[in-house]
Amino acid sequence: MTETLIDFDEVLEKFDPAMGLEVHVELNTNTKMFCGCPAVFGGAPNTNVCPTCLGLPGAMPAVNAKAVESAIRIGLALNCEIAEWCRFARKNYFYPDMPKNFQTSQYDEPIAFEGYLDVEVEGETFRIEIERAHMEEDTGKATHVGGSTGRIQGADYSLIDYNRAGIPLIEIVTKPILNTGAKAPLVAKAYVSALRDLVKALGVSDVRMDQGSMRCDVNLSLAPKGSDKLGTRSETKNVNSLRSVERAVRYEMSRHAGILLSGGSVLQETRHFHESDGTTSSGREKSDAEDYRYFPEPDLVPVAPSREWVEELRATLPEPPAERRVRLQADWGFTDLEMRDAINADAIDLIEETVAAGAAPQAARKWWLSEISRRANEAGVDLVDAGVSPAQVAEVQKLIDAGTLNDKLARQVFDGLFAGEGTPAEIIEKRGLALVSDDGPLLAAIEDALAAQPDIAEKIRGGNVKAAGAIVGAVMKATRGQADAARVQQLIVERLS
Amino acid sequence: MSWIHRTAAEQAAALASGEVTSVELTQAHLDQIAATDGELHAFLHVDAEGALAQARASDERRKAGNPLHELDGVPIAIKDVLTTEGLPTTAGSRILEGWIPPYDGTVTAKIKAAGLPILGKTNMDEFAMGSSTENSAYGPTRNPWDHDRIPGGSGGGSAAAVGAFQAPLAIGSDTGGSIRQPGAMTGTVGVKPTYGSVSRYGVIALANSLDQLGPCTRTVLDSALLHELIGGHDPRDSTSVPNAVTGLADAARAGAARDLNGLRVGIVKELQGDAWNADVVERFDESVALLKEMGADVVEVSLPSFVHAMAAYYLILPAECSSNLAKFDAMRYGRRVTPEGSPSAEEVMKVSRDAGFGDEVKRRIIIGTYALSSGYYDAFYGQAQKIRTLIIEDFKKAFEQVDVLVSPTAPSTAWPIGEKADDPLAMYLQDLATIPANLAGVPGISIPSGLSSADGLPTGIQFLAPVLEDARLYRVGAALESALFEQWGGQITPAAYAPKGAN
């Protein structure tokens, strides 16, 4: 179905966007939420399973204390209240990837509630209010084989891997995010990015969006400009990169506006995001959605974290991201503009790790924000997934500092890194990229160049040092860029003086 | 007297003294099963080979002087609601036909670790829904006292097996009376322990907040011995209490001295009246008189919320079971029915559930689904939980006045098979006296109070105690049992199964 999409600027002239973001974070506990099975990514299908996470008759759940601890720490880091007493509930619905045909989750008694997270977009701070953070278990992973949609309808058969069933999840739900206007897509992205940094700093999850250990659902609605009523929302599921979060918001704004301006009404429904073209398509209609018949899970006792424990956990919280940024900017000596660019490019962690690996802050910034950013954009991936690690960037910079590489050669090393050709050292070796450090071949090339251009040689001898540029160029050409230009210049002057 | 007619305690003593071997005991019970179960149908699955292998291992331990437990070598039957690794477990349902669990429930594991040979799995109402065992998908169990009558339910299989000397010990599960009521119907002893004192891990849940495993035996002491064996904290069951309930066998032995001086007994006002058959009340009154004779101080107490217990129970139970039974979708295990053509997963689920569940199961799934539905939750499930709180409060107040409560276990004796099969409400009313204990989590015991003057069938008396005070039940139960046995000249046993020369 072709959607009528309205130009973004026109959307903003007529509508105010409201967003709600639901982020699922998979915890990195050793074991699953309600049983002792390893909670690990990968593994042969259906090997990390037991009667409990397979939902076999008679099996019972027991709460993973470490997961509760992680949930509380996330809640505290999001400035939330921590429940003194809360329960798990059963969310009842039939689906083959759900071993029990109910998901054990929290419903009206979340472990953490009423918090906020401040995010910065282009110098402006937005306070994102957190409604709740609650604990739940992941479902199994279904792969639908055959059929055109990759969904269960129309599939020839489905394969289910229950290794993922029961892995602890924390779902973090915002209150409606209002008054962001043209910055809505960037605010959404900045929030998910800040949340990811926060959870990563807590050390409770890998927060790898590409691997599904952090997943985002984007709720979006439009209201006529100036109206204080919220419009009908769509819920775009599994938006799995920072870039996609921004794109999904932008696309849904344009799509909703198209419907509303043509006099239609937006369907309250679930939508699927398509990474390939940044569009969304209709999933099952929410208005049709089942009644989940929530009720308290009778096999579990309430979770009642003592205030002492909560305070102990509060003491383990890492430096808040905003304070950390102030500190890093001072340490690195970045200008406000440099810092903001680095934040917008989601490069702070990468620069920090590169600096930790030995590179100067400005050098680290330069590589991540220019060369690597450009390539990430070309590939349509987040910077962190561009294919280069901070350690590799630091290694390349070290080689530049040592005179083994110049910037031009370094870019070729990056080519090799992106192509997966190995470590920087291996790429230099394979591609023969190192600067010619032996004067012998350089002197020979200088002789050849001088012989070919006798008039230039005369000029240099006559004191016109600038004329040496032509000879340097010829030498660089002859060595295919692998000469150190400064050294060549020096050798020419020595040769002719 | 043959070995099967001895109590479990006597069998254990004979094993300890070397008078008998576990193989002999086990074989004797297997022989009794072979001789009687074609008619009785107490068992859904008999594991003769496995039981004898366990018996041989037990005898070797005895010979080496290393028995695992006092009951090591005494055979036992397990209600088909509890998982047993390698042995079929169906919960009396077609939908689990052929399912062999890959794991032992905690109580199964405790039984194995104590060395009791497992004779097999006993019949039950499908998913423990029923009071007659007629709802078993595999056909009803018959009452050893009268083969045309029901043995009670849902654990009619365990009660009949014990009553017919097929097993000295059996495991039952009690959600609203499923251990105690069959005990009353078959003239045997049944105990529902304090909620959380026996692990539910491995119990195919009916209603998680009500279910509790417990012993089915012929004497109070045997129940105490088995209760101590299966009880205790289990980290796999989050609802299990931190410390084991102890002193049960000691309480039973002390009770047999028949000294109830200082014991305050409360007759429940709300569990009397027209709903209770005169013949049942007659035996009940006689038992109460015996309690007084032994020194008990008997008063009447009122627990006013009991009148709402049935209504609350039939909302909470269906709500929980409608969710519990969702897992039976034929996707991962159990019986799958595949419709013609190329059906979707959802269609296979629908058809399999339709074919696999019986009417009573469907009825409760529908009630529970409705009770939990958005817009109805507060009016049904929410209200039922409030009643539950009131009942807990009633028990608390009552136990400030008395040490134990007493009532008839069931309003009538065993009825003819088929009589109430089409009248679910009449069936539900059988559990009037037993349900409040499950709603409040308190322990209860049913022991035989005699034979009806109207039909000659057993009647039962029930005692209830505060949470974790299970020992009180064994004390008072053993005292009354001792006094009654003296009157009767021993246990009351159905004529067809009595030891030759007895009764």
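All values reported here derive from a predicted model rather than from experimental measurement.

Trainee: Can you walk me through the overall build of chain B in this structure?
Mentor: Counting its regular elements, chain B contains 16 helices and 11 strands. Its C-alpha atoms give chain B a radius of gyration of 21 Å, near enough to 23 Å, the size a compact globule of 503 residues would have. For chain B, the spread of C-alpha atoms along the principal axes amounts to about 65 × 55 × 45 Å. Residues counted as buried form 62% of the 503 residues belonging to chain B.

Trainee: For this particular structure, what's the right way to read the overall build of chain A?
Mentor: Looking only at helices and strands, chain A has 16 helices and 14 strands in total. By principal-axis analysis of the C-alpha atoms, chain A measures approximately 95 × 55 × 50 Å. For chain A, the residues scored as buried account for 42% of the 497 residues in total.

Trainee: What is the right way to read the packing of helix H2 (residues 65–77) of chain A against helix H5 (residues 307–314) of chain A from this model?
Mentor: Helix packing for two helices is described by the angle between their axes and how far apart those axes are. Residues and elements named next belong to chain A. Following both chains from N to C, one finds H2 and H5 inclined at 65 degrees, their axes separated by 9 Å at the closest point. Classed by the angle they form, the pair H2 and H5 counts as roughly perpendicular. Where H2 crosses over H5, the handedness of that crossing is right-handed. Of the residues in H5, those in contact with Glu69, Ile72, Arg73 and Leu76 of H2 are Val310, Leu313 and Arg314. A per-class count over the contact of H2 with H5 returns four nonpolar, no polar and three charged.

Trainee: Before we go on, may I ask you to explain the domain arrangement of chain A in this structure?
Mentor: Note: interface size is frequently given as the accessible area lost on complex formation between the parts. All names here are of chain A. In terms of domain boundaries, chain A breaks down into domain 1 (8–314), domain 2 (321–431) and domain 3 (439–496). Using C-alpha coordinates to define each centre, domain 1 is positioned 31 Å away from domain 2. Between domain 1 and domain 2, the contact holds 12 residues from the first and eight residues from the second. Where the side of domain 1 that touches domain 2 is concerned, the elements lending two or more residues are strand E5 (112–121), helix H3 (184–202) and helix H4 (242–261). Within the side of domain 1 that touches domain 2, the residues separate by chemical class into four nonpolar, three polar and five charged.

Trainee: Please explain unusual backbone geometry as it appears in this structure.
Mentor: Where the residue is not glycine, phi is negative for most of them; where a peptide bond is considered, it is trans in most cases. The amide bond that connects B:Gly153 to the next residue, B:Ser154, takes the cis arrangement and shows omega of 5 degrees. Tracing the backbone through its elements, the reader meets B:Ser154 in the loop between strand E3 (118–122) and helix H5 (156–163). Residue A:Val207 is not a glycine yet carries a positive backbone phi of 40 degrees. Structurally, A:Val207 is set in the loop between H3 and strand E10 (214–224). Taking the C-beta count within 10 Å as the criterion, A:Val207 has 21 such neighbours and is therefore assigned buried. Unlike most non-glycine residues, B:Leu468 shows phi in positive territory, near 75 degrees. When you line up the elements, B:Leu468 lands in the loop between strand E11 (458–464) and helix H16 (470–488).

Trainee: I tried to follow the sheet that holds E11(B) on my own but got confused; where do I start?
Mentor: Through backbone hydrogen bonds, the strands of a sheet pair up, either in parallel or in antiparallel fashion. Residue and element names in this part refer to chain B. Overall, mixed pairing links the 11 strands, which are arranged E1-E3-E2-E4-E6-E5-E10-E11-E9-E7-E8 in an open sheet. Whereas interior strands pair on both sides, the edge strands pair on one side only; in this sheet they are strand E1 (43–46) and strand E8 (297–301). Averaged over neighbouring strand pairs, the angle between their axes works out to 25 degrees when direction is ignored. Bridge analysis of strand E9 (residues 404–408) against E11 gives four bridges, and the strand direction is antiparallel.

Trainee: Is there a simple way to explain the pairing of strand E4 (residues 102–105) of chain A in this structure?
Mentor: Looking along a regular strand, one sees the side chains alternate between the two faces of the sheet. All names here are of chain A. Residues of E4 alternate between two faces, with Phe102 and Thr104 on one and Gln103 and Ser105 on the opposite face, all of them buried. Two strands pair when backbone bridges link them, and strand E3 (residues 89–92) and E4 are joined in this way by four bridges, in the antiparallel orientation. Considered in E4, the bridge of Lys91 is made with Gln103.

Trainee: I tried to follow helix H11 (residues 407–418) of chain A on my own but got confused; where do I start?
Mentor: Because an α-helix completes one turn every 3.6 residues, residues spaced three or four positions apart along the sequence face the same direction. Residue and element names in this part refer to chain A. Taking 1.5 Å of rise per residue, 12 residues should cover 16 Å, and H11 covers 16 Å from first to last C-alpha, within 8% of that figure. For H11, every residue scored as buried is listed here: Leu409, Ala410, Val413, Phe414 and Leu417. One face of H11 carries all of its buried residues, which in axial projection span an arc of 155 degrees. Directly after H11, the chain includes Gly420, whose backbone phi takes a positive value near 70 degrees.

Reading the values: the criteria
- Residues numbered from 1 in each chain as written.
- Chains lettered and ligands numbered in written order.
- Predicted model: local features only at pLDDT ≥ 70, side-chain atom pairs only at ≥ 80, totals over all residues.
- Helix = DSSP H or I, 4+ residues; strand = E, 2+ residues; numbered from the N terminus.
- Rg over C-alpha atoms; globule rule 2.2 N^0.38 Å.
- Buried ≥ 20, exposed ≤ 12 C-beta atoms within 10 Å, placed from the backbone.
- Axes fitted to C-alpha atoms, helices over the stretch in contact; angles between N-to-C directions.
- Parallel < 35°, antiparallel > 145°, perpendicular 65-115°, else oblique.
- Left-handed = near helix turned anticlockwise from the far one by under 90°.
- Contact = placed C-beta atoms within 7 Å.
- Nonpolar A, V, L, I, M, F, W, Y, C, P; charged D, E, K, R; others polar.
- Domains from an automatic or database assignment.
- Pairing = 2+ DSSP bridges.
- Expected span 1.5 Å × (residues − 1).
- Arc of directions from axis to C-beta.

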